[in-house]
Amino acid sequence: MKKVLMSVVAVAALSIAGFATVNNQTGCGLGSQIIKDDSSAVMLALQATTNGTSANQTFGITSGTSGCKKAKFVMNERAAEFVASNMDQLSREIAIGQGESVSTLAELLNVEDKAAFASALQANYNAIYSSEKVDMATVLDNVSTIAG
């Protein structure tokens, strides 16, 4: 009886979630595709957990599937994964012009002059983070344009 009740609850939750918009906080992937309700921390946690345990977010980012936008210029898979996993920290460090995330991104992109790279990113912060809801692919494209 408990299994039937849980199944009914799960189906109801998923059907109600179909009317909600896709959440930008947990990123693209299977979790945000099947759990569209982002009205509570529990639902956001379910989205993120499903994205993480299904291990399809990286594939979605590099292939442009599962609701992910494919970067125009994918430098390498490791850089795409790094940016996707560190959007907030990277944003803060680019704003101040230095930090471990900026250094790591420079290494992943094989940038020789890390100081000039960090300065260029800081000077072009508003072009990189063009809106509040900017996604990983746009950030990566904007960084690639600036890094040249």
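The sections below set out a description of the structure shown in this document.

Parameters and conventions
- Residues numbered from 1 in each chain as written.
- Predicted model: local features only at pLDDT ≥ 70, side-chain atom pairs only at ≥ 80, totals over all residues.
- Heavy atoms only, no water.
- Helix = DSSP H or I, 4+ residues; strand = E, 2+ residues; numbered from the N terminus.
- Buried < 20%, exposed > 50% of the residue type's maximum accessible area, 1.4 Å probe, protein only.
- Contact = heavy atoms within 4.5 Å.
- Arc of directions from axis to C-beta.
- Core = buried A, V, L, I, M, F, W, Y, C linked by side-chain atoms within 4.5 Å.
- Axes fitted to C-alpha atoms, helices over the stretch in contact; angles between N-to-C directions.
- Left-handed = near helix turned anticlockwise from the far one by under 90°.
- Nonpolar A, V, L, I, M, F, W, Y, C, P; charged D, E, K, R; others polar.

This next bit is on the overall build of the protein chain. A tally of regular secondary structure across the protein chain gives 10 helices and zero strands. For the protein chain, the α and β elements follow one another from N to C terminus as α-α-α-α-α-α-α-α-α-α. Each of the 148 residues in the protein chain was classed as buried or not, and the buried ones make up 34%. Contacts spanning at least 24 positions in sequence make up 42% of the contacts within the protein chain whose residues lie at least 6 apart.

Each α-helix turn comprises 3.6 residues. Residues three or four places apart therefore point the same way. When we look at burial in helix H5 (residues 77-85), the residues that qualify are Ala-79, Ala-80, Phe-82 and Val-83. Along H5, the residues classed as buried sweep out an arc of 165° about the axis, all on the same side. For H5, the exposed residues set more than 90 degrees away from the buried face come down to Arg-78 and Ser-85.

On to the nonpolar core, then. Of all hydrophobic cores here, the largest spans 24 residues; its most connected members are Val-83, Leu-90, Leu-105, Phe-117, Tyr-129, Val-139 and Val-143. Contributing elements (two or more residues each) for this core: H5, helix H6 (87-96), helix H7 (100-108), helix H8 (114-123) and helix H10 (136-147). Take this core: its biggest share by element is five residues, from H10. Once residues within four sequence positions are removed from consideration, Val-83 is found in contact with Leu-90, Leu-105, Met-136, Val-139 and Leu-140.

Direction vectors running N to C along H7 and H8 enclose 115°, while the axes themselves pass 10 Å from each other. Seen along the crossing, H7 lies across H8 with a hand that is right-handed. Residues Val-102, Ser-103, Leu-105, Ala-106 and Glu-107 of H7 form the contact with H8, whose own contacting residues are Lys-114, Phe-117, Ala-118 and Leu-121. Across the contact of H7 with H8, the residue classes tally to six nonpolar, one polar and two charged.

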